[in-house]
Amino acid sequence: MDNTTTEMYMESADFLRDKVPRTLREPRVAIICGSGLGGLAGTVHDEDKVELDYAFIPHFSRSAVKGHAGRLVFGFLAGKVPAVLMVGRTHYFEGHSMERITFPVRVFKLLGVETILVTNAAGGLHPEYAVGDIVILNDHIFLAGLAGAHPLRGPNMDYFGPRFPPLSDAYDLDLRRAAHAAWQKSKVSGSTRRLHEGVYAFVGGPSYETRAECRLLHQLGADLVGMSTVPEIIVARHCGIRVLALSLVTNNALLEPGPRGDDPLLENATAQQLKEIDDKGKANHEEVIEEGRLAAVDFQNLVSQIIADVF
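Residues numbered from 1 in each chain as written. Predicted model: local features only at pLDDT ≥ 70, side-chain atom pairs only at ≥ 80, totals over all residues. Heavy atoms only, no water.

**A short note on the UniProt feature "binding site: phosphate" (unreviewed entry) in the protein**
Using the residue numbers shown here, the UniProt feature "binding site: phosphate" (unreviewed entry) corresponds to S35, H68, R89, T90, H91, A121 and S228. Since its relative accessible area comes to 5%, H91 is described here as buried. By the element assignment, S228 lies in the loop between strand 8 (224–226) and helix 7 (230–238). Of the residues examined, S228 reaches a relative accessible area of 8% and is grouped as buried. Those residues in contact with S228 that sit more than four places away from it in its chain are R89, H91, N120, Y200 and F202. One polar contact links S228 to R89, side chain to side chain, over a distance of 3.3 Å. (UniProt positions renumbered as here; feature names shortened; annotations may be inferred. Buried < 20%, exposed > 50% of the residue type's maximum accessible area, 1.4 Å probe, protein only. Helix = DSSP H or I, 4+ residues; strand = E, 2+ residues; numbered from the N terminus. Contact = heavy atoms within 4.5 Å. Polar contact = N/O pair within 3.5 Å; in protein donor to acceptor, adjacent residues only side chain to side chain.)

Structure, rendered in structure tokens:
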């Protein structure tokens, strides 16, 4: 358990207020940009735009993961909405505590953020999901939290929220409805990219999941699997912040069992052929980043339309 204090959150918030123009000191919306999705910062208007590296913000942790730049961007979205964007996040698998990876969310609350939009790259468990599809989250499975690795573990920070916050309404229904409407307005004509709603399963990482683990998560009701997002959402709801979460499907998880070693069809297979069988469908981080790059325009258009419609 970390020893993060309310004073540390306040120090970070005060520092940020001093670094941005008066018009941006109380952003209405925060956006957390996942792997390969940092291009969302390009939707921020250049006028009054301020970028701050995490290394210079008191008590912020830096990410060492490729595709996560590590900076806060303040500016206006949709030409009118004061916002703050996290271009890159820290992860539990990097060795940070749950308190550290969710630290910025409480700082956003102190700055006045009312709504948070969380994005991520995820593996698709649902058989109908294709690589490149976007999924609006409507629920999650947090096995780590059920086992005790929970961002609200320890003495409750009464300043931010109640001891036992409900999560049955974690994913705001009105915002999900707005996201569906925004998709109809923003999607590029002729694009094969689709929009779904689904359930996200958090895993600790950094290894990608085994075939058996993917089948287990799917049987439990998960449509997606990833290594982020849920801790931030729990802390946001503890703070009373409305949540909209979007996943980009960057790979299809392997659900079918691999071939057995005693399969007669493999009896005369060469080492190269066996390697090709093992490698088929294997996830890798470079492909995650590339799929994020390819989806950047559609993702940016959708987020911009949501902001314009909601605010």
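**Considerations on the state of the cysteines**
Following the criterion strictly, the structure yields 0 disulfides and no others. For C33, which is in no disulfide, the shortest distance to another cysteine sulfur is to C239 and amounts to 19 Å. Of the residues examined, C33 reaches a relative accessible area of 1% and is grouped as buried. (Disulfide = S-S within 2.5 Å.)

**Some details on the nonpolar core**
Core analysis: the largest hydrophobic core is formed by 53 residues, its most contacted members being L72, F74, F108 and I116. Per element, the largest residue contribution to this core is 6 residues, and it comes from helix 3 (residues 103–111). Setting aside anything within four residues of it in sequence, one finds I116 in contact with A30, I32, V105, F108, A236, I241, R242, V243 and L244. By size, the runner-up hydrophobic cluster in this structure holds 31 residues, among which are L40, V44, V81 and L246. (Core = buried A, V, L, I, M, F, W, Y, C linked by side-chain atoms within 4.5 Å.)

**A look at the environment of D174**
Mapped onto the elements of the fold, D174 is located in helix 5 (residues 173–186). Assessed through its relative accessible area of 40%, D174 is described here as partly exposed. Through-space distance from the C-alpha of D174 to that of R242 is 9.8 Å; in sequence the pair is 68 residues apart.

**Topic: the side chain of D133**
Here D133 lies in the loop between strand 5 (115–124) and strand 6 (134–142). A polar side-chain atom of D133 sits 2.8 Å from a polar atom in the side chain of H196. When near neighbours in sequence (up to four residues on either side) are disregarded, D133 contacts E128, T192, R193, R194, H196, S247, L248 and V249.

**Details of the side chain of T119**
With respect to the helices and strands, T119 occurs in strand 5. Overall, T119 belongs to the buried group, its relative accessible area being 0%. Ignoring anything within four residues of it in the chain, the contact list for T119 reads I32, C33, G34, L37, L40, R89, T229, L246 and F299.

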